Amino acid sequence: MNSLKAALTLIAIPLVFTLSGCAYNISDVDITKVDPTCVRQQCLANYSSCVSGGNQIGFKTETLRACQEAYKICVQTCPSK
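Model, not experiment: these values are computed from the prediction. (Residues numbered from 1 in each chain as written. Predicted model: local features only at pLDDT ≥ 70, side-chain atom pairs only at ≥ 80, totals over all residues. Heavy atoms only, no water.)

Quick look at the pattern of salt bridges
Argument step 1. Applying the stated criterion across every chain yields a total of 2 salt bridges.
Argument step 2. We note a salt bridge from Asp30 to Lys33, for which the minimum N-O separation is 4.0 Å.
Argument step 3. Overall, Asp30 belongs to the partly exposed group, its relative accessible area being 45%.
Argument step 4. According to the relative accessible area criterion, Lys33 is exposed, its value standing at 60%.
Argument step 5. As a salt-bridge pair, Glu69 and Lys72 come within 3.5 Å of each other at their nearest N and O atoms. With Glu69 and Lys72 both in helix H3 (residues 60-77) and 3 residues apart, the pair spans about one turn of that helix.
Argument step 6. By relative accessible area, which is 32% here, Glu69 ends up partly exposed. (Salt bridge = Lys/Arg side-chain N within 4 Å of Asp/Glu carboxyl O. Buried < 20%, exposed > 50% of the residue type's maximum accessible area, 1.4 Å probe, protein only. Helix = DSSP H or I, 4+ residues; strand = E, 2+ residues; numbered from the N terminus.)

Quick notes on the packing of aromatic side chains
Aromatic ring pairs are reported here in terms of the distance separating the ring centres and the angle at which the planes meet.
Argument step 1. What the rule picks out here adds up to 1 aromatic pair.
Argument step 2. Measuring from centroid to centroid gives 5.8 Å for Tyr47 and Tyr71, while their planes differ by 65 degrees, and the two rings are edge-to-face. One end of the pair, Tyr47, is in helix H2 (residues 36-52); the other, Tyr71, is in helix H3, with 24 residues separating them in the sequence. For the residue pair Tyr47 and Tyr71, the accessibility class agrees, reading buried in each case. (Phe/Tyr/Trp six-rings, centres within 6.5 Å; stacked < 30°, edge-to-face > 60°.)

With respect to the confidence of the model for the protein
Argument step 1. Counting all residues, the mean pLDDT for the protein is 79, and 68% of those residues have values of 70 or more.
Argument step 2. Below pLDDT 50 for its whole length, residues 15-21 participates in 0 contacts with residues either more than four positions away or in separate chains. (pLDDT = per-residue confidence, 0-100. Contact = heavy atoms within 4.5 Å.)

Observations concerning the state of the cysteines
Argument step 1. Evaluated as defined, the whole model comprises 3 disulfides.
Argument step 2. Linked covalently through their sulfurs, Cys38 and Cys78 form a disulfide whose S-S length is 2.0 Å. In this structure the cystine formed by Cys38 and Cys78 twists about its S-S bond by roughly -75 degrees; its chirality is therefore left-handed. Linking Cys38 in helix H2 with Cys78 in the segment after H3, this pair joins segments that are 40 residues apart in sequence.
Argument step 3. On the accessibility criterion, Cys78 (6% relative accessible area) is buried.
Argument step 4. Across the disulfide, Cys50 is cross-linked to Cys67 (sulfur-sulfur distance 1.9 Å). Across the disulfide from Cys50 to Cys67, rotation about the S-S bond amounts to roughly -80 degrees, and the bridge is consequently left-handed. (Disulfide = S-S within 2.5 Å.)

Shown next as structure tokens:
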């Protein structure tokens, strides 16, 4: 019984760390200083299209990371408020 518990723990701990690193969230990008129309019409539309396009780069997490990076770059090109 103890060996089963130890085995499950050895599996669960890396799984938790792996899953916690898989969240690529665009809410982390600061958009407070740029034109909201630009963000909405260009960046958010491109991000949505990127994410809904499926796994373009290997695993889904790689695609989400690439989409988030593209979103960050797009936001940087928007004019200031």
